[in-house]
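Report on the structure
Here is what each chain is made of, one letter per residue.
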Amino acid sequence: MRKSIYDLLSRKGTCPVSMLTAYDYHTACTIDEAGIDMILVGDSLGNVMLGYENTLAVTVEDMIHHGKAVCRGAKEAMVVIDMPFMSYQASVEDAVRNAGRIVKETNCQAVKMEGGAEYADRIKAIVQAGIPVVAHIGLTPQSVNALGGYKVQGKSLEQAQKLLSDAKAVEEAGAFAITLECVPEALAKMITEQSKALTIGIGAGRFCDGQVLVYQDMLGFTNGFTPKFVKKYTDLHAIMLQAFRQYKEECEQRTFPAEEQTFKISDDVLEKLY
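Starting afresh in each chain, residues are numbered from 1 along the sequence in its written order. With pLDDT at 70 or above as the cut-off, local features in this predicted model cover only qualifying residues; side-chain atom pairs require 80 or more to be listed or tallied, and sums for whole chains, interfaces and linings still use all residues. The basis for every side-chain value is the complete set of non-hydrogen atoms in the structure, without hydrogens or water.

1. Side note on unusual backbone geometry
Residue F256 is joined to P257 through a cis peptide bond whose omega torsion reads 0°. The backbone phi angle of M86 is positive, close to 70°, even though this residue is not glycine. Each helix corresponds to a stretch of at least 4 residues labelled H or I by DSSP, and each strand to a stretch of at least 2 residues labelled E; elements are numbered beginning at the N terminus. Inspection of the secondary structure assignment puts M86 in the loop between strand 3 (78–82) and helix 5 (92–106). Taking the relative accessible area as the measure of exposure, M86 reaches 45% and is therefore partly exposed. Categorising residues by exposure relies on relative accessible area from a 1.4 Å probe, with only protein chains included: less than 20% of the type maximum marks a residue as buried, more than 50% marks it as exposed, and the intermediate range marks it as partly exposed.

2. Quick notes on the UniProt feature "active site" (unreviewed entry) in the protein
UniProt positions are given in the numbering used here, feature names are shortened, and annotations may be inferred rather than shown by experiment. Mapped onto this structure's residue numbering, the UniProt feature "active site" (unreviewed entry) falls at E181. The residues touching E181, leaving out its near neighbours within four places in the chain, are H136, I137, G138, L139, P141 and I202. We call two N or O atoms a polar contact when they sit within 3.5 Å, provided that within protein one can donate a hydrogen and the other can accept it, with sequence-adjacent residues counted only if both atoms are side-chain atoms. In this structure the side chain of E181 is engaged in a polar contact, spanning 3.0 Å, whose partner is the side chain of H136. The contact rule is simple, with two residues in contact once any of their heavy atoms fall within 4.5 Å.

3. Thoughts on the pairing of strand 1 (residues 17–21)
Burial within strand 1 is extensive, with four of its five residues counted as buried. If DSSP finds at least two bridges between two strands, the strands pair. Relative to strand 8 (residues 210–213), strand 1 runs parallel, the two sharing four bridges. Directly across from M19, in strand 8, lies its bridge partner V212. With strands facing away from the observer, any crossover in which the path from the first strand over the helix to the second runs clockwise is taken as right-handed. Once you follow strand 1 into helix 2 (residues 25–33) and on to strand 2 (residues 38–41), the crossover reads as right-handed.

4. Some points on the pairing of strand 6 (residues 177–181)
Looking along a regular strand, one sees the side chains alternate between the two faces of the sheet. Most of strand 6 is tucked away: five of the five residues are buried. Alternating residues of strand 6 divide into A177, T179 and E181 and I178 and L180, and every residue in both groups is buried. Where strand 5 (residues 133–138) and strand 6 come together, five bridges link them in parallel fashion. Residue pairing across strands places G138 opposite E181, the latter belonging to strand 6. Across five bridges, the pairing between strand 6 and strand 7 (residues 198–202) is parallel.

5. Some details on the sheet that holds strand 7
Around the barrel, eight strands lie side by side as 1-2-3-4-5-6-7-8; this closed barrel has parallel pairing. Each strand of the sheet is rotated relative to its neighbour by a mean of 25°, with strand direction disregarded. Fitted lines through C-alpha atoms serve as axes, helices being fitted only where they are in contact, and the angles separating the N-to-C directions of these axes extend from 0 to 180 degrees. Packing against the sheet, helix 8 (residues 157–173) makes contact with strand 5 and strand 6, and its axis sits at approximately 175° to strand 5.

Here is the structure:
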């Protein structure tokens, strides 16, 4: 049975929630089989799937395309899909229309929006339309230019107070969960204790109600930069590179395909060919 927002909220303060990104059918199937509670179709697909420098170029169509595949693969995990840059910033009407389109065309269970109090009216309207919302505060990648880069948020008194206010605003607007990205652990703990919503941390320490990671990061898909908050559970880059190199070598040496990878035809048939 698919997990509901009520299933997840009932675990606040007791059993932490697990969440991973997915962008395709096969990965969603595997994550679902592992028993992960939530799958996020993140606009991070712009970086890890499409090769963009950041998430700003991702479109609603991109999210729907990948979201459909993930929703076909996930049978028990709750699927949450990011609302990409400029799909909700301009107006409440845009926000509701695009959230509705994403849910209707993908069959996901919730949408996620970056931003705090300034977008509370969008969250409220989307929730009133019957669509669950995950809020996202702290480091918000869609605002990377305004933030001056990918930096920890909430270290100063002013920033910390704003994050507390943002968390309260998005919860009051109806968000059932709040993603906290790159937030000092003690501040994330305070937000978690003050909020009835689930807090889901990514670089926000040990005391959130759940954790989320980009699956390519935790599997070591690349040998490039790894954020401090990421734990690599394996090194798929090295494993894949070794396999690809071995395949190349066997192709060149004609050791692949071997006899066991080929199909037969009888000599009688061959003799009658002309």
